[in-house]
Amino acid sequence: MHIVVIGAGVVGVTTAWALQQRGHQVTVIERLEGAGQETSKGNAGQRSYGVVYPWASAAMVRKALPWLLDRQGPLKMSMPPSLKTLRFLLDTLRFAYAPGVFGLNKRAMLRLGIHSRTCFQALEEAVDLSFDGDHAGLLHLASSPAAMTDYADTAALLAELGIEHALLTPDQVRDVEPGMRGPGPLFGALQYTTDGTGDCHLFSRALAEACEKRGVAFRFNTSVRRLVADDRCVHAVEVSDAGGVVERIEMDAVVMSAGCASPELLRPLGLHLPVYPVKGYSLTAPLIDRERAPRSTVHDDNYKVVSTRLGDRLRATGFVELADFNRRIHESRLDTIKASVASRFPGAADMDRASTWTGFRPMTPDGPPAIGHGTRDNLYLNTGHGTFGWTLSAGSADLIAQVIDGETPSLDLDAFRPGRFAE
């Protein structure tokens, strides 16, 4: 089949890879100048297979107001909030307090994380990609005794699902991360021993090049105007290039992997997909003392900031900001990220030379991405991965390829069904 994939972020590119591996002719359409240029460009460097979870939880709701009032809190919101923001928050509240939904969704996402790790390993064995990638594990630090108590509860679920982990004492934490010499409070950590790292932007570019060598066509600087469809199927994708020239690309099937742009393209086909652009920030700085830098990924629960070693660079990422598509970079957010790095890895990187980034994670109000059939026979979705697009991309690409080929998916996709928001 000729399949069009809309979007060349990490989810779209891994989808293209999975489809061409199965013998399909694939065309990828991307409005920007290259692969991995939007959410995939400066996101957290972690592939946190054992950490994925839905944002819509009662526990998260209880923390939200104190975080909003704390200047260094991880949750921010533009005031007054837009109607779009309020709708998203109300939907999130509805799912957070729906009986049993959080537990089912968390297990489904963790199973997808496990599957994604296996798919990443197979992909990296099949093609040599340079993206500062590794699978040296992830640490969730505990800045209080209460945090360690919570981690013990989490460890029970990880054991149930067969996810490798360990509860560490402060001394054991420093054995794993000897560069962590800062004054931040430390009562231990939960270690996810098989989680990974890597530069998502470099990965997306390298995998796109590998796809092109295998016959995948990439149409960059090309915007999708609409999906040309009748009540049964999509017949073509209408696009325009940088010069405004309009063209129709006919295909046998189309996969929507356009992140935050997905809802607008799907709405005319009667599919309600409430994806919200959750804003995040990152700093990427050159290392000046490798011995003081993290070996892998460290989540500082004190500041809710993640620091990751990417070759000779350190990337630090944080914040959940509800501001629609406002790209303004607030210096106070960057100061908080720098404070976290200084409290854990002082002297590791030259933060004065750090490059800054802000981008939008395509978040669904209940948490799981949308993976599966759309509202037409040949329309498929693989989008809405929120903060876990890098982590879940390889697994969700494999699953949507199975669905397109009419196979029984390796995982139960009920939690990920695209039409669930209209039910």
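As shown above, the structure is provided for reference.
The text that follows walks through the structure, step by step, so that each part is easy to find. (Residues numbered from 1 in each chain as written. Predicted model: local features only at pLDDT ≥ 70, side-chain atom pairs only at ≥ 80, totals over all residues. Heavy atoms only, no water.)

A packed helix pair is summarised by two numbers, namely the angle formed by the two axes and the spacing between the axes. Where helix 4 (residues 101-126) contacts helix 5 (residues 145-161), the two axes come as close as 11 Å, and the packing angle between them is 55 degrees. Judged by the angle between their axes, helix 4 and helix 5 are oblique. The two elements helix 4 and helix 5 meet at a crossing, and its hand is right-handed. Listed contacts from helix 5 to K106, R107, L110, R111 and I114 of helix 4 are L157, E160 and L161. Each residue belonging to the contact of helix 4 with helix 5 can be placed in one class, and the counts come to 4 nonpolar, no polar and 4 charged. (Axes fitted to C-alpha atoms, helices over the stretch in contact; angles between N-to-C directions. Helix = DSSP H or I, 4+ residues; strand = E, 2+ residues; numbered from the N terminus. Parallel < 35°, antiparallel > 145°, perpendicular 65-115°, else oblique. Left-handed = near helix turned anticlockwise from the far one by under 90°. Contact = heavy atoms within 4.5 Å. Nonpolar A, V, L, I, M, F, W, Y, C, P; charged D, E, K, R; others polar.)

With respect to burial, strand 7 (residues 188-192) is a largely interior element, 5 of its 5 residues being buried. The sheet contact formed by strand 5 (residues 138-142) and strand 7 spans 5 bridges and is antiparallel. By the bridge assignment for strand 7, L139 is matched with Q191. Taken together, the 3 bridges between strand 6 (residues 166-168) and strand 7 define a ladder with antiparallel strand orientation. Note that in strand 7 the partner of L167 across the bridge is L190. (Buried < 20%, exposed > 50% of the residue type's maximum accessible area, 1.4 Å probe, protein only. Pairing = 2+ DSSP bridges.)

The analysis is restricted to geometry; functional conclusions fall outside its scope.
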